[in-house]
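One-letter residues, chain by chain:
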Amino acid sequence: MNVLLIRSDVQLAGPAKLMHAYARALRLGGHSVCIASGGGEYAEQLVADGFEHHEIHGLAIPDRSLRSISGCIRKITSLMRNEAIDVVNSFNFHAGFYAALADIPQRRTHVNTVLGTGREWTNRIFPGRVIAVSKDVKRRLIEANVPERKISVVYNATLDDNFFAPLPKRSHNDGSPGKPVNLVGIAMFTGNKGHEYIIPMVSALVKEHGLDVTLTLVGDGDSRAHCERMARDLGVGDRVTFTGALTNVIGPLDAADIMVHLPRFETFGIVLAEAMARGLPVVSTRVGGIPEVVVEAKTAVLVDDREDTEKLAEALSRLIKDPDYRHLLGYNGHEEARKRFHIETLQRDILATYAES
């Protein structure tokens, strides 16, 4: 089977990582994969892993115009013909709609993977099957009047054996003076991922609770400079490290003791599965698909509201002070992630969805 994976861009973010995981899962099953997008930093990673990447002008948001539509569709048509494509799996409606127009009268199987964009209603007119990355996304698709019969739930099981390699031996530090506990957050700096809540929490843990903690923030984006100023203004600039965007996050995960993720909303949260796979306990919010990824009281501590600083401080303080509890949640997370989020699970589920289409 020849599969085309297509999206508007491949920036250093969850959607590109998910496309990469789909590509690897399909290749493991002996299928041929090529990838098309409007470009982005992650393209280098795809090519380095042996996948064809075709940059098509008109797919990326800045390139969209009435003049670019016809040329974009012609290039997709040519790509599908030249690569003898059997299945087109898009990763946003825009790319999926262009691919459908390029394939009139629908000679190929079309599937759109929905990560959750706030435009779920568009999938009512999508001609093929729809993959929701969580039950929460499926619920929102149904609320948008997408027929339930069109929808399959396929979790973002992106992790291969390398992610489950022997875990690091983490410290038994308890946050007392001279025994710092390191928190880690991994997300783009969009203003919606909770950095503006995590940094003040670090300040409160140090100044009000007397705990010795540090924080590593992995990612980049528009709000990074604001967050760097915030850390300095709160007097914890020396405790917060900003690494920038990284394609490989195993290093920062292994150097940490606790994963903290406080988004306004999250349809799934690949970083949570990654943290669990590396044996990290998680502190996060009970929103979107997050409760489907982590297991409350077994692999994570969840709070209802990221603005509830008292509950957040209570959850983090307990984990910081009790390394045995941290290690228990981390061990459980490692086992849970292996069962549910290994890439072989993704391979099974996407092939089953293609067969149903």
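Note that the coordinates shown come from a computational prediction; the quantities given were computed from them, not determined experimentally.

Let us look at the nonpolar core. Counting residues in each nonpolar core, the largest one holds 67 residues, and the members touching the most others are Leu5, Tyr22, Leu253, Met259, Phe341 and Leu346. For this core, the element with the highest residue contribution is helix α1 (residues 14–28), accounting for 8 residues. What Met259 contacts, discounting residues up to four positions off in sequence, is Val184, Gly185, Ile186, Leu253, Val271, Leu272, Ala275, Leu280, Pro281, Val282 and Val283.

If you trace the 7 strands from one edge of the open sheet to the other, you get β3-β2-β1-β4-β5-β6-β7, paired in parallel fashion. Of all the strands in the sheet, just β3 (52–55) and β7 (151–153) have a single pairing partner and so form its edges. Averaged over all adjacent pairs, the angle separating strand axes in this sheet is 25 degrees, with direction ignored. Relative to strand β5 (residues 109–114), strand β4 (residues 87–90) is paired through 4 bridges, and the arrangement is parallel. Its bridge partner lying in β5, Val87 is registered against Thr109. Packing against the sheet, helix α13 (residues 343–356) makes contact with β1 (2–6), β4, β5, β6 (129–132) and β7, and its axis sits at approximately 155 degrees to β6.

In this section: the side chain of Thr345. Its place among the elements puts Thr345 in helix α13. Residues contacting Thr345, with those up to four places away along its chain left out, are Ala157, Lys339 and Arg340.

Applying the stated criterion to the full structure yields 6 aromatic pairs. Judged by centre distance (4.9 Å) and plane angle (75 degrees), the rings of Tyr22 and Phe91 are edge-to-face. Residue Tyr22 is located in helix α1, and its partner Phe91 is located in the loop between β4 and α4 (93–101); the two are separated by 69 residues in the primary sequence. Residue Phe91 is classed as buried on the basis of its relative accessible area, which comes to 2%. A ring pair is formed by Tyr155 and Phe341, whose centres lie 6.5 Å apart and whose planes are at 80 degrees; its orientation type is edge-to-face. Taken together, the positions of Tyr155 in the loop between β7 and β8 (181–186) and Phe341 in the loop between α12 (323–340) and α13 put the pair 186 residues apart, joining distant regions of the chain. Put simply, the rings of Tyr155, Phe268 and Phe341 touch in pairs and so form one group of aromatic residues. Over the ring of Tyr325 we find Arg318, and its NZ or CZ is 3.8 Å from the ring centre.

Turning next to helix α6 (residues 195–207). Structurally, the α-helix is built with 3.6 residues per turn, so residues lying three or four positions apart point the same way. Look at α6: 19 Å from first C-alpha to last across 13 residues, which is about the 18 Å you get at 1.5 Å a residue. In this fold, the buried residues of α6 make contact with β8, β9 (213–218), α7 (224–233), β10 (240–244), β11 (258–261) and α11 (309–321).

Bringing the packing of α11 against α12 into the picture now. It is the contact of α11 with α12, at a shortest axis distance of 5 Å, that shows an interaxial angle of 100 degrees. The orientation of α11 relative to α12 falls into the category roughly perpendicular. Of α12, the residues touching α11 (which contributes Arg318, Leu319, Ile320 and Lys321) are Pro323, Tyr325, Arg326 and Leu329.

About the cut-offs
Residues numbered from 1 in each chain as written. Predicted model: local features only at pLDDT ≥ 70, side-chain atom pairs only at ≥ 80, totals over all residues. Heavy atoms only, no water. Core = buried A, V, L, I, M, F, W, Y, C linked by side-chain atoms within 4.5 Å. Buried < 20%, exposed > 50% of the residue type's maximum accessible area, 1.4 Å probe, protein only. Helix = DSSP H or I, 4+ residues; strand = E, 2+ residues; numbered from the N terminus. Contact = heavy atoms within 4.5 Å. Pairing = 2+ DSSP bridges. Axes fitted to C-alpha atoms, helices over the stretch in contact; angles between N-to-C directions. Phe/Tyr/Trp six-rings, centres within 6.5 Å; stacked < 30°, edge-to-face > 60°. Lys NZ or Arg CZ within 6 Å of the ring centre and 35° of its normal. Expected span 1.5 Å × (residues − 1). Parallel < 35°, antiparallel > 145°, perpendicular 65-115°, else oblique.

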